[in-house]
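Geometric and topological summary
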Amino acid sequence: MSRIDSSGSHPVSPDSPLHEADAPRALKPSAPPSTRNELRTYAGPPGAPVVASPSNGLAGPAVSARELALGSRPRPPSSSVPEDVDAALKSHLTRSLSNPLLTDSDVQATHTVLGSVPRDAYRATLERMDRDGLLATYVSRLEASSRQSFLDQAASNGVLQRRPGGVTGPLGMPGRPEVFVNDPKLPGALRDAVNAHAIDTGRAAVLAYDAYLQRHGEAVGQSDSFRALRSLGPPQALDLRETMLGLSWADPRRERYESEWKAGIGRPQRSLVQAYETATARALVLSGQKPAGAFLSAEASASHDLLRVKSEARLASRGPPELQTQAGVVAKAGPLGLEVMTDAHGESETELQLDLGVASVSRDSQGKVELSLGAGPHARAHANLNPRTAEFGGGVAFELSDRTGQHHASLKLGYGLRGLTPEHASQALRRDVPGVFSRPKDLDPGIAWDALPAARRALYERQGWTREEWAEDSRR
């Protein structure tokens, strides 16, 4: 077949040799590729025979100048993921026609497969699972108990580290919960599991704290003396803050993890303030006073001629229920009436009444002033105030009388609020008056009981201090 050459060209015989200068560029030997700027162990002058270095721990992967300047070091190579492990994990965590739903048995089987992975290949297995999306699928199906088992398994294989918690205190006061270190270098799905576990332990600590405050309040209510009350010690506060997670400020996931943790652990149902109020109320009861708070009252009375018997029951929001029965005489002279009653303990109480028909006013020896108004033929509304005991209340009374007026019966229902008495309010503002669980400052200098001023000693006596307890605590 003839060959067509371009104009001005000369035919070249296939057998004619090519000069090196005219050789195609592709046939010329190429320059050696540029090498990576890296530091290696000195192996002798060029051309020297290569001698294998002894395994003395100094040999290792090459480090570039940039890596050396930045201070980074390559991670030692980990063992590869066993093929049978990878296949088993995919079979349990990948949805298919044969496995359309991820069941609890798949989650348990995954945990079993991971437990069979050698320690040196465990981290590489989790990293591959994270890249393939299998770890996120597995973690999303874990409950609190199974999540704990998985993280314990990762910790036993050296992938996770623990942040130890605090110890349990008296009456089961929970300490700071134990969590795992949420290292930013961990696989992302594993970090999510670590934070979910921190939420689980934080929520459990909140529930345990609620139970502790309930036990403390029950123990306070059962205290039959100031000494027993003080031996319980003050209620403790739960130190549960997001700093326990140990996340660094530079962590890109810190804000998300901390907000999820705070929203997930919840809040205690009881408060430390309520626990102190319960203890203060019990101290007032032990000292013979009535604690502040709301109360309901019911009083039933019956009279015949000049004799009268009445019984009053009170149910207070703080302190035990109260029941008091009194008997006495009632004398009337026109609109004025005088009532003298005595209780079971022999304590007397008098009440002066002024009945104006539609309205009536009374005042008793305890300082209570009551105003009542007619609200029908057999009902009266009443309001009362006692500045001495800091009580205010009101209610309604139902009255029945026979035609002769000699027999009379009434039922009075009421509600009230009780505040601090003037004496107790003044003591609450004084810095030199110790609280329920405070140590009196006079104990520290070692002042003897008899050396205390009379007013000071009387104050401590009202708080339940005795000569014997004072001498015992002064030696501590």
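Per chain, the residues get numbers from 1 upward, laid out in the order the sequence is written. The model is predicted, so local features are restricted to residues of pLDDT at least 70 and side-chain atom pairs to those at 80 or more, both for listing and for counting; the totals for chains, interfaces and linings are taken over all residues. Hydrogens and water molecules were not included; the side-chain quantities draw on all heavy atoms of the structure.

Some details on the sheet that holds strand E12 (residues 379-386)
Basically, it comes down to this: At least two bridges found by DSSP between two strands is the condition for calling them paired. Only DSSP runs of H or I with at least four residues qualify as helices, and only runs of E with at least two residues qualify as strands; both kinds are numbered from the N terminus onward. Axis geometry follows a simple rule: fit a line to the C-alpha atoms, using only the stretch in contact for helices, then measure angles between N-to-C directions, giving values from 0 to 180 degrees.
Ordered in space as E5-E6-E7-E8-E9-E10-E11-E12-E13-E14, the 10 strands form a closed barrel in which the pairing is antiparallel. On average, each strand axis in the sheet is tilted by 20° relative to the strand beside it, whichever way the strands run. Sheet topology note: the E12/strand E13 (residues 391-401) ladder contains 8 bridges and is antiparallel. Within E13, the position partnered with Asn384 by the bridge is Gly393.

Focus on empty space enclosed by the protein
Put simply, the rule reads: In this analysis a 1.4 Å probe is tested at points of a 1 Å grid over the protein atoms alone, and where it fits but cannot get out there is a cavity; an open set with protein on both sides within 12 Å along at least five of seven lines is a pocket; lining residues have an atom within 4 Å of a point. Grid points are joined across faces, edges and corners, and a volume is the space filled by probe spheres set on the points. Charged means Asp, Glu, Lys or Arg here, nonpolar means Ala, Val, Leu, Ile, Met, Phe, Trp, Tyr, Cys or Pro, and polar covers whatever is left, Gly included.
By the definition in use, this model includes 2 cavities of 30 Å³ or more. Roughly 50 Å³ of volume is contained in the largest cavity. Along its surface, the largest cavity is lined by Val179, Phe180, Asn182, Val194, Asn195, Ala198, Leu245 and Leu247. When residues of the lining of the largest cavity are traced back to their parent elements, those giving at least two are strand E4 (179-180) and helix H7 (188-221). Considering every element that reaches the lining of the largest cavity, the biggest residue donor is H7, with 3 residues. Tallied by class, residues from the lining of the largest cavity come to 6 nonpolar, 2 polar and no charged.

Details of the nonpolar core
Just so we agree on the cut-off: For the purposes of this section, nonpolar cores are sets of buried Ala, Val, Leu, Ile, Met, Phe, Trp, Tyr and Cys residues that join through side-chain atoms within 4.5 Å. When accessible area is computed with a 1.4 Å probe and restricted to protein chains, residues below 20% of their type maximum are described as buried, those above 50% as exposed, and intermediate ones as partly exposed. Contacts: residue pairs with any heavy atoms within 4.5 Å of one another.
Core analysis: the biggest nonpolar cluster contains 29 residues, and Leu126, Leu135, Phe150, Leu160 and Leu190 have the highest contact counts within it. Sequence-distant contacts of Leu160, that is, excluding residues within four places in its chain, are made with Leu151, Ala154, Ala155, Phe180, Val181, Leu186, Leu190 and Val194. Residues Val206, Leu240, Trp261 and Ile265 belong to the second largest nonpolar core, which totals 12 residues.

Considering helix H10 (residues 272-286)
Put simply, the test is: How far a helix is expected to stretch is found by multiplying one less than its residue total by 1.5 Å.
The end-to-end C-alpha distance of H10, which contains 15 residues, comes to 21 Å, matching closely the 21 Å that a straight helix rising 1.5 Å per residue would cover. Within the sequence span of H10, burial applies to Ala275, Ala279, Ala281, Arg282, Ala283 and Leu284. Phi turns positive one or two residues past the end of H10, at Gly288, with a value near 90°.

Some thoughts on the environment of His216
Position of His216 relative to the elements: it lies in helix H7. Judged by its relative accessible area of 2%, His216 falls in the buried class. With 43 residues separating them along the chain, His216 and Met173 place their C-alpha atoms 9.3 Å apart.

What to know about the packing of aromatic side chains
Quick note on the threshold: Pairing of aromatic rings covers Phe, Tyr and Trp, the last counted by its six-membered ring, and requires centre-to-centre distances within 6.5 Å; plane angles under 30 degrees mean stacked, over 60 mean edge-to-face, and any other angle means tilted. By definition here, charges over rings are those cases where NZ of Lys or CZ of Arg is within 6 Å of the ring centre and within 35 degrees of the ring normal.
Inspection of every chain in the model, using the stated rule, returns 6 aromatic pairs. Residues Tyr138 and Phe150 carry aromatic rings whose centres are separated by 5.2 Å and whose planes lie at 85° to one another, so their mutual orientation is edge-to-face. Within this pair, whereas Tyr138 is found in helix H5 (residues 134-140), its partner Phe150 is found in helix H6 (residues 144-156), the two being separated by 12 residues in sequence. In this structure, Tyr138 and Phe150 share a single accessibility class: buried. Taking 6.4 Å as the distance between ring centres and 75° as the angle between the ring planes, the aromatic pair formed by Tyr276 and Phe437 counts as edge-to-face. Separated by 161 residues along the polypeptide, Tyr276 in helix H10 and Phe437 in the loop between helix H11 (422-429) and helix H12 (454-462) bring together distant segments of the chain. Against the face of Trp465 rests Arg230, its NZ or CZ located 4.1 Å from the ring centre.

Thoughts on unusual backbone geometry
Non-glycine residue Leu171 carries a positive phi angle of around 60°. Within the secondary structure layout, Leu171 lies in the loop between strand E3 (162-163) and E4.

Thoughts on the packing of helix H3 (residues 104-115) against H6
The line we're drawing: Orientation labels follow simple angle bins: below 35 degrees gives roughly parallel, above 145 gives roughly antiparallel, 65 to 115 gives roughly perpendicular, and whatever is left gives oblique.
At a closest axis distance of 11 Å, the pairing of H3 and H6 adopts a crossing angle of 10°. Classified by the angle their axes make, H3 and H6 are roughly parallel. Residues His111, Leu114 and Gly115 of H3 form the contact with H6, whose own contacting residues are Ser149, Phe150 and Gln153. Grouping the amino acids of the contact of H3 with H6 by side-chain chemistry returns 2 nonpolar, 4 polar and no charged.

Quick notes on H3
Along an α-helix, residues three or four positions apart point the same way, because every turn accommodates 3.6 residues. Here H3 spans 17 Å end to end across 12 residues, near enough to the 16 Å set by a 1.5 Å rise per residue. Three or more residues of H3 are buried, namely Asp106, Val107, Ala109, Thr110, His111, Val113 and Leu114.

A few points about the pairing of strand E8 (residues 336-343)
Two faces make up the sheet, and in a regular strand the side chains alternate between them. Only one face of E8 is buried, namely the one carrying Gly337, Glu339, Met341 and Asp343, since none of Leu336, Leu338, Val340 and Thr342 on the opposite face is buried. For strand E7 (residues 322-333) and E8, the ladder comprises 8 bridges, and the chain directions are antiparallel. Residue pairing in the sheet places Ala333 in a bridge with Leu336 of E8. With antiparallel pairing between neighbouring strands as the criterion, E7 and E8 make up a hairpin whose turn holds 2 residues, including Gly334 at a positive phi of roughly 70°. Pairing between E8 and strand E9 (residues 348-355): 7 bridges, direction antiparallel. Residue Thr342 lies in a different strand from E9, and its bridge partner there is Ser348. Here E8 folds back onto E9 in antiparallel fashion, the turn holding 4 residues, of which Gly346 has a positive phi close to 85°.

Some remarks on the side chain of Arg314
Formally: Polar contacts here mean pairs of N or O atoms no more than 3.5 Å apart (in protein, one a potential hydrogen donor and the other a potential acceptor; neighbouring residues in sequence count only if both atoms are side-chain atoms).
Checked against the element boundaries, Arg314 lands in strand E6 (residues 307-316). A polar side-chain atom of Arg314 sits 3.3 Å from a polar atom in the side chain of Glu312. The contact partners of Arg314, leaving out residues within four places of it in the chain, are Lys290, Phe295, Leu296, Ser297, Pro321, Glu322, Glu391 and Arg418.

Focus: the confidence of the model for the protein
Selection criterion: Known as pLDDT, the predictor's per-residue confidence is scaled from 0 to 100.
Taken as a whole, the protein shows an average pLDDT of 80; of its residues, 79% reach a score of 70 or greater. Across residues 1-39, where pLDDT falls below 50, the model places 14 contacts with residues more than four positions away in sequence or in other chains. Between residues 50-78, whose pLDDT stays under 50, and residues either more than four places distant or in other chains, the model counts 23 contacts.

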